[in-house]
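Residues per chain are reported as follows:
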There are 2 protein chains.
Amino acid sequence: MSEVKKINIALLGLGTVGTGVYKVLKSQQEEMPCKIGAELVIKKILVRNLEKAAAKVDDPSVLTNDWNEIIQDGEIEIVIEVMGGMEPAKTYMMQALAAGKNVVTANKDLVAVDGKELLDMAALNQKDFLFEAAVAGGIPIIRPLKQCLAGNHLSEVIGIVNGTTNFILTKMTEDGMEFADALAMATELGYAEADPTADVEGLDAGRKVAIMASIAFNSRVTFQDVYTEGITKITATDIRYAKEMGCHIKLLGVARNTEGGIEARVHPMLIPSTHPLAAVNDSFNAVFVHGDAVDDAMFYGRGAGELPTASAIVGDVCDIARNIRFGCTGRISCTCYKNLPIMKIEDVRSRYFLRMQVEDHPGVLASVASVFGNNGVSIEKIIQKTKRGDLAEIVVITDSIEGRHFDDSLKIFASMSMINEISAVIRVYGHS
Amino acid sequence: MSEVKKINIALLGLGTVGTGVYKVLKSQQEEMPCKIGAELVIKKILVRNLEKAAAKVDDPSVLTNDWNEIIQDGEIEIVIEVMGGMEPAKTYMMQALAAGKNVVTANKDLVAVDGKELLDMAALNQKDFLFEAAVAGGIPIIRPLKQCLAGNHLSEVIGIVNGTTNFILTKMTEDGMEFADALAMATELGYAEADPTADVEGLDAGRKVAIMASIAFNSRVTFQDVYTEGITKITATDIRYAKEMGCHIKLLGVARNTEGGIEARVHPMLIPSTHPLAAVNDSFNAVFVHGDAVDDAMFYGRGAGELPTASAIVGDVCDIARNIRFGCTGRISCTCYKNLPIMKIEDVRSRYFLRMQVEDHPGVLASVASVFGNNGVSIEKIIQKTKRGDLAEIVVITDSIEGRHFDDSLKIFASMSMINEISAVIRVYGHS
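Worth saying up front: this structure is predicted, and the values here are computed from it rather than measured. For every chain, the first residue of its written sequence is number 1, and the numbers climb from 1 along that sequence. As a convention, the first chain written is A and the first ligand written is 1, with the rest following in written order. Only residues with pLDDT of at least 70 are given local features in this predicted model, and only at 80 or more are side-chain atom pairs given and counted; all residues enter the totals for whole chains, interfaces and linings. Values shown for side chains rest on all heavy atoms present in the structure; no hydrogens or waters enter the calculation.

**Describing the overall build of chain A**
Put simply, DSSP H or I for four residues or longer makes a helix, DSSP E for two residues or longer makes a strand, and each gets a number counted from the N terminus. Regarding its fold elements, chain A presents 15 helices and 17 strands. Each radius of gyration is computed over the set of C-alpha atoms, and the globule rule expresses the reference value as 2.2 Å times the number of residues to the power 0.38. A compact globule built from 432 residues should have a C-alpha radius of gyration of about 22 Å, and chain A, at 24 Å, falls within 12% of that. Along the longest, intermediate and shortest principal axes, the C-alpha atoms of chain A span 85 × 45 × 35 Å. In this scheme, a residue with accessible area under 20% of its type's maximum is buried, one over 50% is exposed, and one in between is partly exposed, where area comes from a 1.4 Å probe on protein chains only. Within chain A, the fraction of its 432 residues that count as buried is 59%. Note on contacts: a residue pair is in contact if any heavy atoms of the two residues lie within 4.5 Å. Look at the contacts in chain A between residues 6 or more apart in sequence, and 74% of them connect residues 24 or more apart. All accessible-area figures derive from a Shrake-Rupley calculation using a 1.4 Å probe, and residue coverage is judged against the displayed protein chains alone. Split by element, the accessible area of chain A, about 16,300 Å² in all, is 48% carbon and sulfur. Only four residue types enter the tally: Lys and Arg on the positive side, Asp and Glu on the negative side, with His and both chain ends excluded. Lysine's charge is taken at NZ, arginine's at CZ, aspartate's at CG and glutamate's at CD. In chain A, the 43 positive side-chain charges and the 56 negative ones have mean positions that sit 2 Å from each other.

Set out below in structure tokens:
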């Protein structure tokens, strides 16, 4: 063992994920020399509050609140950023790469917006910038897309990449709960944050879609390019109707590489109960991929949490350690060598589920059908569901149509006196 | 593009998988320089029948039936072996590695038996020996286990890794077919070979279990170490009873790292319908993994076929091409640095489902329970199912017990006159 190389690491942040990384590196300490031919040593941990952090580590002398102690330490070869947020995380990572250090991060907010800048800085310095943990937590997805599936033209990446909303939708599906109650339960159990906006509005999922699309299609997609729509308007009624049609409602992150450009979007969707994604429940995540060679594949697991996220980070660290040993850091850098257009959401084709409360008299169905017809929307089926007093509920499933045509129809419905309420608009997976 | 390196490849075999590799490399030809910084050129294809093969390629001048033309060609840096079988595949690969060429193979038969020898030869020459396609076809599993999950102590790898038997069991489950009829259907549809033994007896799955266990637990497991039991005795009745208990019957490859040693086995098993593996149907494969950091994860997709298998092979080729460019071939070699004992199947603990035809008179249940009791087998439940004339059918589910104790009980049952037939013995997933 005398020849085993020692690789020094700095950890930025000692919150949930940072603590997980610390634990996993400790637990793997003895095996690493055999596994990767190197000893991994946490030399410094950057924290805000030294006293509070001291309780979390064996040896508090590794703690510092001074970034200079890390950036100026030439012995530190890997920096793991788990502080989160845009700044100072970005500055620290740019400086680390510029100083010839390799960087691992779980920071999806940053990678989804400034990924190119960080990857370019890594390439310039022939260092690694890895972020497996930024998408779907512990689930291996970045490395499989970049390496294992490199022989494919990937056409579709669809994921359940937010555990909070999947937990909420699972409760609504299995127990018939309404959104507000399921959210309250998620908050109580610690699955939802005090401010759940980023989760329930699809923003968190949108960041992951940007990262996955960029890698899958070899063309840069940033968070700003992703259409996001959350689950706050989904009701127990919608879920019940979906079930009747053999479907589950899931919040899906969808990235598709089409002739018209890249589709990148997050929204709730009716998906057939036989689809592998429909069986992904509770806070689990999964990413479904279609490629011309591999056909369908799916990756399933824990999308968040202390140890699952740490698992992904330590996997990246091991990869870098191997690269350091073999002198080949920077071996895989940015793979966005195309410049494909991003489709506007109005141009994206989809099927739609529409639920409305209408006046219960003859001719209403015909009027609805005629508005759709005039706007180029063909209908797969239209069903009158229930009557309540003078009102009837109707449900329409459209064929696959451009978003703009559906939106145009909706605007007209909103102005029609015989239509009392547009209760739900949800996209439907697949083609009719 | 003037600096793009050209990497010459030899393909050994042009059957189903070889043709797939040829197609995928052609289809990716233009993108590869951007994707991996190298041009991949098929310089030679080794075939038995030059004339027959000529119809399958654009330029028949790459075809040869002389191995010397490949092994003596110093320009060939990667050899892809897709001939199958033990010899001459093994000799060719050993010679290629010894000559300083990198090798990719889909040959599970060989890797499951002689993997160590091949990996040692690769390490000695600092070349890559990769075999992602040998387990679960197109599904990324070897690289995720070796790299992405390197921060874990993996305790369990359970897979549906044979598409033929999964198709048969799906038909038996969904349509109530008996084994022979479902097998006939699988043969007709091309899912089963003329001699289906390796599939239906679990031998093919056993080879994959050996490979996965070796990688997951960092300790060599060969095919000879794997207990195998097929699905030929499973009946529609067993599947119906399993359903009543909320279970599916699947042929599972199970590898577990326990305190007593490594369990490596293939056999049918009742698995709860809520388990992600239960939803893996038709000819799809999936591998379910449990690690101390990542918790549960699953990898799902096509376990065989021309293009899915080629997808995995080309992924390996891309990895090697990147290593060649950066001068770091041999970067990841054998990771079996432990020498864990393999448990005998008699020592492995499991729950059991037992179905028997017994004489219908008082005291039989008591006798059965007493035999189990005397042999240290505790019972979770015992149910009398149906009566047919003088006979009654009883079903027993045991607690988790050692195989030897169950076997001892079975031997006694076989000798008891009141027991007319032991109709089914199937293991049950999980602990009671």
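**Focus: the domain arrangement of chain A**
Residues and elements named next belong to chain A. Along its sequence, chain A is organised into domain 1 (3-136 + 304-324), domain 2 (140-300) and domain 3 (345-426). Here domain 2 and domain 3 have C-alpha centroids that lie 25 Å from each other. If you look at the interface, domain 2 gives 15 residues, while domain 3 gives 15 residues. Regarding the contact of domain 2 and domain 3, the summed buried area is about 1,100 Å², with carbon and sulfur atoms giving 67% of it. Two parts lose some accessible area (1.4 Å probe) when they are put together, and adding that loss for both gives the buried area. Among the residues domain 2 hides against domain 3, the three largest losses belong to Asp238, Tyr241 and Met245. Together they make up 43% of the total. Note on definitions: salt bridges are taken to be side-chain nitrogens of Lys or Arg within 4 Å of carboxyl oxygens of Asp or Glu. Where domain 2 meets domain 3, there are two salt bridges. Of the charged contacts in the structure, one is a salt bridge between Asp238 and Arg355, with a shortest N-O distance of 2.7 Å. Here the bounds of each domain stem from an automatic or database domain assignment.

**Digging into the UniProt feature "binding site: NADPH" (unreviewed entry) in chain A**
UniProt's feature table lists "binding site: NADPH" (unreviewed entry) at Lys108 of chain A, given in the numbering used throughout. Take Lys108 of chain A: it is sitting in helix 6 (residues 108-124). UniProt positions are given in the numbering used here, feature names are shortened, and annotations may be inferred rather than shown by experiment.

**Structural notes on the relation of the copies chain B and chain A**
Superposing copies: least-squares fit, C-alpha atoms only, residues required to have pLDDT of at least 70 in both. Least-squares fitting of chain B to chain A yields an RMSD of 0.0 Å, with the transformation described by 0.0 Å of translation along the axis and a rotation of 180°. Both copies are brought into coincidence by an operation consistent with a two-fold rotation axis. Distance from the rotation axis, computed per C-alpha, reaches its smallest value in chain B at Phe299 of chain B: 2.4 Å. Counting the interface residues of chain B, we find that 100% of their copies in chain A are interface residues as well, pointing to one common contact surface.

**Quick word on the sheet that holds strand 5 (residues 102-105) of chain A**
All names here are of chain A. Strand pairing requires that DSSP identify at least two bridges connecting the strands. Pairing is parallel across the open sheet formed by six strands, whose spatial order is 3-2-1-4-5-6. Strands with a single pairing partner mark the edges of an open sheet, and in this sheet they are strand 3 (63-64) and strand 6 (129-130). As judged from the eight bridges shared by strand 1 (residues 5-12) and strand 2 (residues 38-46), these two strands associate in the parallel manner. Counterpart to Lys6 in the pairing with strand 2 is Glu39.

**Section: the nonpolar core**
If you look at the biggest cluster of nonpolar residues, it comprises 164 residues, and the most contacted ones within it are Phe129 of chain A together with Phe129 of chain B. Once residues lying within four places of it in the same chain are set aside, the contact partners of Phe129 of chain B are Met93, Leu97, Val103, Thr105, Val111, Leu118, Leu119 and Ala122 of chain B. Among the buried residues, those of types Ala, Val, Leu, Ile, Met, Phe, Trp, Tyr and Cys that are joined through side-chain atoms within 4.5 Å form a nonpolar core.

**A word on the packing of helix 8 (residues 163-175) of chain A against helix 9 (residues 179-188) of chain A**
Residue and element names in this part refer to chain A. Packing of helix 8 against helix 9 leaves a shortest axis separation of 9 Å and a crossing angle of 125°. Between helix 8 and helix 9, the angle falls in the class oblique. At the point where helix 8 passes helix 9, the crossing takes the right-handed sense. Residues Phe167, Ile168, Lys171 and Met172 of helix 8 pack against Phe179, Ala182, Leu183, Met185 and Ala186 of helix 9. Gly falls in the polar group here, along with every residue not listed as nonpolar (Ala, Val, Leu, Ile, Met, Phe, Trp, Tyr, Cys, Pro) or charged (Asp, Glu, Lys, Arg). Taken together, the residues of the contact of helix 8 with helix 9 break down into eight nonpolar, no polar and one charged. Working convention: axes come from line fits to C-alpha atoms, limited for helices to the stretch in contact. Angles between N-to-C directions cover 0 to 180 degrees. Oblique is the label for every angle not falling under 35 degrees (roughly parallel), over 145 degrees (roughly antiparallel), or within 65 to 115 degrees (roughly perpendicular). Put simply, a crossing is left-handed when the front helix is turned counterclockwise from the back one by less than a right angle, and right-handed when it is turned clockwise.

**Details of the packing of helix 8 of chain A against helix 12 (residues 236-244) of chain A**
Residues and elements named next belong to chain A. It is the contact of helix 8 with helix 12, at a shortest axis distance of 9 Å, that shows an interaxial angle of 70°. As summarised for this structure, helix 8 and helix 12 are arranged roughly perpendicular, according to the angle between their axes. As for the relative orientation of helix 8 and helix 12, their crossing is right-handed in sense. On helix 12, the residues touching Leu169, Met172 and Thr173 of helix 8 are Ala236, Ile239 and Lys243.

**What to know about the sheet that holds strand 4 (residues 76-81) of chain B**
One open sheet holds the six strands; their spatial order is 3-2-1-4-5-6 (chain B), and the pairing between them is parallel. Since the sheet does not close on itself, it has two edges, and those belong to strand 3 (63-64) and strand 6 (129-130) of chain B, each with one partner.

**Describing the UniProt feature "active site" (unreviewed entry) in chain A**
Residues and elements named next belong to chain A. In the numbering used here, UniProt assigns the feature "active site" (unreviewed entry) to Lys208. Within the secondary structure, Lys208 is located in helix 11 (residues 203-217). Since its relative accessible area comes to 6%, Lys208 is described here as buried. When sequence neighbours within four positions are dropped, the list of residues in contact with Lys208 reads Lys108, Ala134, Val135, Ala136 and Val161.

**Some remarks on the pattern of salt bridges**
Scanning the entire structure with this criterion turns up 62 salt bridges over all chains. A salt bridge links Lys26 of chain B to Asp58 of chain B; the shortest N-O distance between them is 3.5 Å. In this pair, Lys26 of chain B sits in helix 1 (residues 16-27) while Asp58 of chain B sits in the loop between helix 3 (50-54) and strand 3, placing the two residues 32 residues apart along the sequence. Asp58 of chain B sits in the exposed class, given a relative accessible area of 60%. By sharing partners, the salt bridges in this structure join Glu132, Arg143, Asp316 and Asp319 of chain A together with Arg331 of chain B into a single network.

**Overview of the packing of aromatic side chains**
Residues and elements named next belong to chain A. Note on aromatic contacts: the rings of Phe and Tyr and the six-membered ring of Trp form a pair at centre separations within 6.5 Å, being stacked when their planes are under 30 degrees apart, edge-to-face when over 60 apart, and tilted otherwise. With the rule as written, the count across this model stands at 15 aromatic pairs over all chains. Where Phe129 meets Phe131, the ring centres are 5.6 Å apart and the plane angle is 45°; that geometry is what we call tilted. We note that Phe129, like Phe131, is buried. A centroid spacing of 4.9 Å and a plane angle of 10° characterise the contact between Phe284 and Tyr300, whose relative ring orientation is stacked. A residue pair is termed long-range when its members are at least 10 positions apart, and Phe284 in strand 11 (residues 284-291) and Tyr300 in strand 12 (residues 295-302) qualify at 16 residues.

**Describing the side chain of Arg207 of chain B**
Residue and element names in this part refer to chain B. Examined against the element boundaries, Arg207 turns out to sit in helix 11 (residues 203-217). For Arg207, a relative accessible area of 15% puts it in the buried group. When residues no more than four places from it in sequence are discounted, the contact partners of Arg207 are Lys108, Asp109, Ala112 and Phe223.

**Section: helix 14 (residues 364-374) of chain A**
Residues and elements named next belong to chain A. Every buried residue belonging to helix 14 is among Val364, Val368, Val371 and Phe372, and all of these are buried. Buried residues of helix 14, seen end-on, are gathered within an arc of 100° and therefore sit on one face of the element. Relative to its buried face, helix 14 has exposed residues pointing more than 90 degrees away, namely Ala366 and Asn374. On its buried side, helix 14 packs onto strand 13 (349-359), strand 14 (379-388), strand 15 (391-398), helix 15 (403-415) and strand 17 (419-428). Of the residues flanking the end of helix 14, it is Gly376, one or two places downstream, whose phi is positive at about 75°. Working definition: the arc comes from the directions between the helix axis and the C-beta atoms, pointing outward to the latter.

**Description of the interface of chain B and chain A**
In this assembly, 52 residues from chain B lie in contact with 52 residues from chain A. Looking at the side of chain B facing chain A, the largest losses of area belong to Cys148, Arg322 and Arg331 of chain B, adding up to 15% of the total buried there. At the surface where chain B touches chain A, the tally comes to six salt bridges. A salt bridge links Arg331 of chain A to Asp319 of chain B; the shortest N-O distance between them is 2.5 Å. Here a polar contact is recorded for every N or O atom pair within 3.5 Å, except that within protein the pair must consist of a potential hydrogen donor and a potential acceptor, and residues adjacent in sequence are included only if both atoms are side-chain atoms. Our enumeration of links across chain B and chain A arrives at 24 residue pairs in polar contact (both at pLDDT 80 or more).

**A short note on the pairing of strand 1 (residues 5-12) of chain B**
Residues and elements named next belong to chain B. Counting buried residues in strand 1 gives six out of eight residues, a clear majority hidden from the surface. For strand 1 and strand 4, the ladder comprises five bridges, and the chain directions are parallel. When the sheet's bridge partners are listed, Ala10 is paired in strand 4 with Val79.

**Some remarks on helix 11 of chain A**
Residues and elements named next belong to chain A. Compared with the 21 Å implied by 1.5 Å per residue over 15 residues, the 21 Å span of helix 11 between its first and last C-alpha is a close match. Most of helix 11 is tucked away: 14 of the 15 residues are buried. Remark: Asn218 follows helix 11 within two positions and exhibits a positive phi of approximately 55°. Working rule for helices: expected span equals 1.5 Å times residues minus one.

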